[in-house]
Amino acid sequence: MKKINYIKFSLDLLMAVLFVLFFNKRVLGGQSFHEIAGLVFAVMYFTHIFLNWKWVVNVTRKIFDRKLQWNLRGSYALNLLLLICMTFVIISGILISKVVFPNIQVTNQGWFHVTHIAVSYLTLVLIGVHVGLHWQWVVNVWNKIWRIKTTFAWGRYAARGLTVLILVFGVYEMNSHGFVNQLSGVTSVFGSSSTQNIEGHDGGGFHGPDGVTAQGSEQTTTNSTAQSSTQNANSAQDFKAEMNGHDGGGSSNALGVIGTYTGMMFVFVIITYYLKKLFGRKKKKGKGK
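Just so we're clear, the structure is a prediction, and the values are computed from it rather than from any experiment.

Draft legend 1. Just the packing of helix 4 (residues 70-95) against helix 5 (residues 109-133), in detail. With their axes 8 Å apart at the nearest point, helix 4 and helix 5 run at an angle of 150° to one another. Considering how the two elements wind past one another, helix 4 and helix 5 form a crossing that is left-handed.

Draft legend 2. Geometry of helix 4. Between its terminal C-alpha atoms helix 4 stretches 37 Å, which fits the 38 Å expected from 26 residues at 1.5 Å a residue. Every buried residue belonging to helix 4 is among S75, L78, N79, L82, C85, M86, V89, I90, S92 and L95, and all of these are buried.

Draft legend 3. Inspection of helix 5 at higher detail. The terminal C-alpha atoms of helix 5, which comprises 25 residues, lie 36 Å apart, in line with the 36 Å expected from a rise of 1.5 Å per residue. Most of helix 5 is tucked away, with 21 of its 25 residues classed as buried.

Draft legend 4. Summary view of the nonpolar core. Ranked by internal contacts, the top residues of the largest apolar core, which has 40 residues, are F19, F41, M86, L124, F179 and Y261. Listing elements by their share of this core, those giving two or more residues are helix 1 (3-21), helix 2 (31-51), helix 4, helix 5 and helix 12 (254-288). In this view, M86 contacts F19, F41, Y45, T123 and I127; residues no more than four positions away in its chain are not counted. One finds F112, V114, V186 and V189 within the second-largest nonpolar core, a separate group that totals 8 residues.

Draft legend 5. Region of the structure containing empty space enclosed by the protein. For the coordinates displayed, the defined rule picks out 1 cavity of 30 Å³ or more. A volume near 410 Å³ is recorded for the largest cavity. Lining the largest cavity we find 25 residues, and of these H34, G38, V89, G93 and H116 sit closest to its centre. For the lining of the largest cavity, the element with the highest residue contribution is helix 2, accounting for 6 residues.

Draft legend 6. Representation of the packing of aromatic side chains in the model. Tallied over the entire structure, the rule returns 16 aromatic pairs. Their ring planes at 70° and their centres at 5.3 Å tell us that Y45 and F46 sit as a pair that is edge-to-face. For Y45, a relative accessible area of 5% corresponds to the buried category. Its relative accessible area of 40% is what places F46 among the partly exposed residues. Considering the side-chain rings of W111 and F112, the 5.1 Å spacing of their centres and the 80° angle between planes classify their relative orientation as edge-to-face. Assessed through its relative accessible area of 12%, W111 is described here as buried.

Draft legend 7. Molecular detail of the environment of F112. Relative to the elements of secondary structure, F112 occurs in helix 5. Those residues within four positions of F112 in sequence are excluded, and the remaining contacts are S92, L95, I96, V106 and T107.

Draft legend 8. Unusual backbone geometry, seen in detail. In this model, L28 sits at a positive phi of 50°, which is unusual for a non-glycine residue. Structurally, the position occupied by L28 is in the loop between helix 1 and helix 2. Residue N108 is not a glycine yet carries a positive backbone phi of 55°. Topologically, N108 is positioned in the loop between helix 4 and helix 5.

Draft legend 9. Structural view of a positive patch on the surface. Together, R156, R160, K277 and R281 give the surface a local cluster of positive charge. At the level of elements, helix 7 (153-176) and helix 12 are the ones that each hand at least two residues to the positive patch. Relative to the assigned elements, R156 resides in helix 7. Taking relative accessible area as the criterion, R156 reaches 43% and is therefore assigned partly exposed.

Calculation notes
- Residues numbered from 1 in each chain as written.
- Predicted model: local features only at pLDDT ≥ 70, side-chain atom pairs only at ≥ 80, totals over all residues.
- Heavy atoms only, no water.
- Axes fitted to C-alpha atoms, helices over the stretch in contact; angles between N-to-C directions.
- Helix = DSSP H or I, 4+ residues; strand = E, 2+ residues; numbered from the N terminus.
- Left-handed = near helix turned anticlockwise from the far one by under 90°.
- Expected span 1.5 Å × (residues − 1).
- Buried < 20%, exposed > 50% of the residue type's maximum accessible area, 1.4 Å probe, protein only.
- Core = buried A, V, L, I, M, F, W, Y, C linked by side-chain atoms within 4.5 Å.
- Contact = heavy atoms within 4.5 Å.
- 1 Å grid on protein atoms, 1.4 Å probe; cavity = no way out; pocket = protein on both sides within 12 Å on 5 of 7 lines; lining within 4 Å.
- Points joined across faces, edges and corners; volume = space filled by probe spheres on them.
- Phe/Tyr/Trp six-rings, centres within 6.5 Å; stacked < 30°, edge-to-face > 60°.
- Patch = residues over 30% accessible without salt bridge, like charges linked within 9 Å, V, L, I, M, F, W, Y side chains within 5 Å.
- Areas by Shrake-Rupley, 256 points an atom, 1.4 Å probe, with all protein chains shown as cover.
- Salt bridge = Lys/Arg side-chain N within 4 Å of Asp/Glu carboxyl O.
- Lys, Arg positive; Asp, Glu negative; His and termini not counted.
- Charge placed at Lys NZ, Arg CZ, Asp CG, Glu CD.

See below:
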């Protein structure tokens, strides 16, 4: 196996560990680590793209070719979406920086703050799907590193049992941390009304349009408009509360954070891997007819 694969594997592993640590800003030095490691991660991510640039160029050239396999098209679309999300997370992180770039001032910083977190959860899902699609490559490189040549029957059963345990653990952690609500926040923060209501995020409460507070202390609009504004603000407050783990709540133990969010990510790794395997078998049966 080419040495470049070992470099890619090591880089990807380190990136995965760093990314899940970003979900709790209390670990390893708090905000300083979060921002500095975030910039390091950005360099690593674009290095990852550079190492796979040949594949990117080849598929881009053939993207409108009808002969291009569906799995390559899907992988290309996934990577493009991942690039968009990752770039947004990196740029928004710079815009709301308090340590590395404290002098950057942007309007509606609260919106960028909440959206930065929401898109991070979406990115975690996309990473899980990405890893699941390439899981066989991960296993092959791992076996090469540790010189594992054969897989015994008991090893396969142990792997399946471990897969079930990881899946159960991941689903449990997702439920405990309100993962689905966190993820649904992506659509909320990109709505026009939500954008306005989240504006006051960093100033002690979410403010609605024209200075109307989230608590609706002074109603300056019609009853229907006020009710809509209050509902949107309450949604924003709920969304903020659900993100306490990212802003400093939850365990600050690095290993605990890694275990929790890696478990969540692996839910999507496992689902993607077995779906790919299932469709692969159906495709083979179809060719055999």
